[in-house]
Amino acid sequence: MSAPFIAAAAPAPAAPSRAGAFARATLRRLLQLAAVVLGVAVINFFLLRLAPGDAVQVLAGEAGAATPEYMAALRAQFGLDQPLAVQFGKYLLHLAQFDLGYSFRHGMPVAQLIGERVPATLLLMGAAIVFAAVAGVILGTLAAYRAGRLADALISALALLFFATPLFWIGLMLVVVFSVWLDWLPVGGMFTVEAGYTGLAHVLDVARHLVLPAVTLGLFYMAVYTRLMRAAMIEVRRQDFVRTAVAKGARAPRVLFAHVLRNALLPLVTMLGVQASSVVGGAVLVETVFSWPGLGRLAFEALFQRDFNLLLGILLCSSVVVVAVNWIVDAVYVRLDPRIRLR
Amino acid sequence: MFKHTTLRAWLAGAALALCAAAHAAAPTSGGTLTAILQPEPVILTSALNTAAPTGFFSANVFDGLVEYDNDFKLRPALAERWEFSKDSKTLTFHLRRGVKWHDGKPFTSADVKWTLENVWKKIHPRNQILYGKVTSTDTPDDYTVVIHFSEPSLAVLSSLNSNGAQVLPKHLYEGTDILNNPYNNKPVGTGPFVFKEWSRGNYITLERNPDYWDRGKPYLDKIVFKIVPDAGARAAALEKGEAQYAPFSPVPLKDAERLAKLPQLKLETRGYDWISPWLFVDINLDKPYFKDLRVRQALAYAIDRNAFNKVVWYGFGKPADSPVVSTLKQFYTADVPQYGFDPKKAEALLDEAGFKRGADGTRLRINLDYLPYGDDFRRSGEFIRNSLKRIGIDVNVRAQDTPTYTKRVYGDRDFDLSVVWFAGFADPLVGVTRAYWSDSVGKNIPWSNGSGYKSAETDKLIEQAQSSPSQAERVALFKKLQQRVQTDLPSLPLLEMHFFTVQSSSLKDTVAGVDQIYSSLKNAWFDNGARSAAAPAGVNAANPAIVQR
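Residues numbered from 1 in each chain as written. Chains lettered and ligands numbered in written order. Predicted model: local features only at pLDDT ≥ 70, side-chain atom pairs only at ≥ 80, totals over all residues. Heavy atoms only, no water.

1. Some points on the interface of chain B and chain A
Okay, step 1: The interface is formed by 52 residues belonging to chain B together with 47 residues belonging to chain A.
Okay, step 2: When the two sides are added together, the surface that chain B and chain A hide from each other amounts to roughly 4000 Å², 57% of it contributed by carbon and sulfur.
Okay, step 3: At the junction of chain B with chain A, the criterion picks out 3 salt bridges.
Okay, step 4: The shortest N-O distance in the salt bridge between E194(A) and K226(B) comes to 3.2 Å.
Okay, step 5: Taken together, the elements giving at least two residues each to the side of chain B that touches chain A come down to strand 1 (32-37), strand 9 (203-208), strand 10 (222-227), helix 6 (231-240) and helix 12 (402-412) of chain B.
Okay, step 6: Tallying contributions element by element places helix 6 of chain B first for the side of chain B that touches chain A, with 6 residues. (Contact = heavy atoms within 4.5 Å. Buried area = accessible area lost by both parts, 1.4 Å probe. Salt bridge = Lys/Arg side-chain N within 4 Å of Asp/Glu carboxyl O. Helix = DSSP H or I, 4+ residues; strand = E, 2+ residues; numbered from the N terminus.)

2. A short note on the sheet that holds strand 17 (residues 417-423) of chain B
Residue and element names in this part refer to chain B.
Okay, step 1: An order of 14-18-13-17-15-16 is seen for the 6 strands of this open sheet, with the pairing classed as mixed. A single partner strand is all that each edge strand has here, and the edge strands are strand 14 (317-319) and strand 16 (393-398). Taken over all neighbouring pairs, the strand axes of this sheet differ in orientation by 30° on average, direction set aside.
Okay, step 2: Across 7 bridges, strand 13 (residues 277-283) lies against strand 17 in antiparallel orientation. Directly across from I283, in strand 17, lies its bridge partner L417.
Okay, step 3: On the sheet, helix 12 packs against strand 13, strand 15 (364-370), strand 16 and strand 17 and is oriented at approximately 100° with respect to strand 17. (Pairing = 2+ DSSP bridges. Axes fitted to C-alpha atoms, helices over the stretch in contact; angles between N-to-C directions.)

3. Observations regarding the sheet that holds strand 5 (residues 90-95) of chain B
All names here are of chain B.
Okay, step 1: Spatially, the 4 strands line up as an open sheet ordered 4-5-7-6, and their pairing is antiparallel. With one partner strand each, in any of the chains shown, strand 4 (79-84) and strand 6 (134-141) form the two edges of the open sheet. The sheet shows a mean angle of 15° between the axes of neighbouring strands, direction not considered.
Okay, step 2: Pairing of strand 5 with strand 7 (residues 144-149), which is carried by 5 bridges, proceeds in the antiparallel orientation.

4. So, the pairing of strand 10 of chain B
Regular strands place their side chains on alternate faces of the sheet.
All names here are of chain B.
Okay, step 1: Across the 6 residues that make up strand 10, a large majority, 6, are buried.
Okay, step 2: By the alternation rule, side chains of strand 10 split into K222, V224 and K226 and I223, F225 and I227, which are all buried.
Okay, step 3: Both strand 1 and strand 10 contribute to a ladder of 6 bridges, which runs parallel. Residue pairing across strands places L37 opposite I227, the latter belonging to strand 10.
Okay, step 4: As paired elements, strand 9 and strand 10 share 5 bridges and run antiparallel to each other. Bridging from a neighbouring strand, E207 pairs with K222 of strand 10. (Buried < 20%, exposed > 50% of the residue type's maximum accessible area, 1.4 Å probe, protein only.)

Here it is, written out as structure tokens:
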């Protein structure tokens with residue numbers, strides 16, 4: 001009796017505590033998420049009400065004219081005639097049921113509107129992040145290995161240029177050069193509506209349309225990553241463990257990938273988190289310049305149209321994305337550097 | 001209208017016209033037109049919202065009862081004939097037979113009656129004045145509509161196209177919540193093109209209606225309306241041929257000059273007359289210093305409207321001296337008090353009114369708010385600031401977004417001067433009188449009487465014009481109205497605005513009437529040689545300047 005008891009008992013204290021820690025961490029994170037969402041809802045709900053005018057006034061303005069009776073009827077329909085506290089209570093009640101509300105302006109549920117636009121934004125952001133990270137790592141690495149030489153000077157100058165130039169201007173210049181002059185790429189939009197492509201042709205068509213906006217959106221962060229990589233690589237290459245690896249006779253690619261790059265990537269991952277968190281904000285200009293049917297533009301228009309249900313919905317969704325990205329960044333930290341432990 | 005285009009564009013247009021004439025043109029069918037729609041419409045029927053993008057789009061899906069030709073004369077559309085009774089209190093429409101809604105149901109007088117009673121009279125933003133006096137509507141048969149008015153309402157005839165009076169299908173709307181009816185966003189009309197798809201923030205597509213009553217039309221197979229929010233992108237898309245048609249001054253005025261020189265593009269200024277837009281400055285009459293007429297006169301004398309047109313609007317306009325624009329020949333009168341550019345006189349008037357220059361040379365410090373529809377309006381505000389600085393009035397130009405602007409001017413009345421444009425339409429009763437009628441002051445209704453002008457005499461003129469049975473008398477009343485308001489000066493008309501369309505040189509016959517911009521593209525066709533040049537890919541453009549009505 002005692003032997004199996006002990007045998008069973010020995011791993012027992014460790015297993016539940018590891019699983020328990022994981023469960024606790026997950027629970028903590030979910031609570032964190034709920035708190036963030038609630039905070040975003042509360043702050044934005046009341047902050048947005050500070051803007052003069054409401055959705056009814058915008059609608060009347062766009063319609064060209066209206067009567068006071070008509071505007072009052074619209075307000076009653078939208079629930080805008082009720083006290084703010086009641087409106088807020090109703091909003092929270094809906095939110096608790098995962099209902100983001102209704103956009104009266106678009107005549108559609110907010111969730112549906114967001115759902116239609118999310119894929120375009122994710123595609124654009126994903127492409128921009130991949131472009132920025134890949135190009136940044138390559139350029140930064142090149143610059144670090146050629147530190148002080150011509151290649152380094154060129155890359156650093158380029159990075160500075162993209163770091164300092166406004167996004168929309170870069171976008172417009174890219175359009176002028178690659179679309180209007182060279183006629184290589186389309187001016188904007190997400191795909192060629194007139195052509196009605198399907199299947200692979202459609203995918204290629206979207207890819208063609210994706211190049212300029214993704215590059216425009218990615219260039220700033222590419223510059224950031226280049227500078228970060230260059231500095232981190234130079235730093236890491238001086239470390240003892242790199243010298244040891246070289247002394248052991250490790251080949252150059254292995255030193256680069258296993259020793260230097262892995263350690264130099266940490267600051268870049270932090271910035272990746274920042275970049276991914278700016279999904280909506282960063283996309284507004286690029287989506288406008290390139291007529292990209294994404295979430296950033298939708299948020300921007302919702303603000304000007306006082307379509308607060310929609311705007312709140314978008315802000316909530318982006319806050320969820322930001323929290324999720326931070327979790328991913330944390331996980332990547334642990335993968336890259338096992339010494340880092342999550343609390 | 002040609003005289004308003006630049007000379008260069010004129011010559012280019014003339015050269016093109018010669019070429020076209022040489023080919024001699026019978027319309028050919030086929031082709032996809034990519035048009036730029038900007039900003040994105042709120043809904044897709046102008047029966048419920050008369051914003052410019054909605055009107056421009058939805059005329060292709062819906063027909064009006066009539067169309068207007070190039071002289072403001074009525075042309076049959078859904079109605080083949082119409083007549084007013086002798087006392088002008090009964091209007092009878094004889095509808096076209098055999099017209100079908102896009103879902104196959106027949107179009108009948110019941111649709112017109114239902115729309116008039118439930119939409120034009122109750123919801124349509126501008127028609128409540130026009131149809132407010134309707135006592136009853138009879139439909140003796142499926143193709144006759146008889147409208148009875150309690151008082152004559154002659155102005156009705158000026159607003160019967162699809163923008164002024166769009167007919168909705170009764171069978172899809174009756175008994176529903178009209179404002180939230182799903183068909184508002186997937187419209188079913190009788191027009192030349194059938195609605196296919198609306199991808200929000202992206203595009204709207206239409207296809208040719210094979211059963212259209214006007215046999216042989218439309219010529220185009222498909223129209224793609226693309227949403228292109230950025231003006232630079234619009235210019236690039238047009239230049240590259242990714243879009244071939246863009247209305248409502250889609251690119252900045254200085255870009256327009258450049259684009260007009262390109263062989264593949266042309267600038268078109270016809271088709272906007274029915275809108276009769278004028279740009280003006282509302283003076284807030286609640287402010288003590290503007291209660292003195294001499295101060296308002298001084299403002300008028302201080303602004304050089306010719307220079308304003310040339311410098312700020314690149315000549316895309318004509319100096320205005322009345323709220324009724326000169327293209328409405330019947331109603332317009334130049335016999336109103338004139339305020340030529342005369343800063344000396346302005347200064348004298350201000351001195352007289354007791355606003356002497358202070359130690360720093362300033363008489364008065366005021367705020368100016370401009371309609372936030374883009375750069376042209378900002379520069380308009382800056383031009384006025386410079387003009388008034390010369391006579392010792394210090395102007396602070398304030399920027400904001402549209403809801404803030406309309407609330408400030410029409411609700412809170414927290415402004416001194418406000419720069420805005422209105423559409424006057426074909427009859428001053430529809431678009432002009434709203435700027436001067438005292439009934440709407442301070443009720444927070446956008447695009448109403450912003451100056452807060454209350455004149456019993458003016459109100460009476462407006463009311464008489466509403467119910468006069470004689471067109472001659474109405475014209476006389478509106479001429480009096482122009483004299484009255486130009487004497488009282490609650491606002492300063494500065495410019496008759498001339499909008500323009502940028503379109504591909506290969507796109508023909510886009511203009512058929514003074515209301516073309518709110519009319520369908522059923523007459524438009526591609527000259528074959530050029531169509532292939534304007535092939536694939538895609539983006540487009542339009543001016544945030546023209547969101548209104």
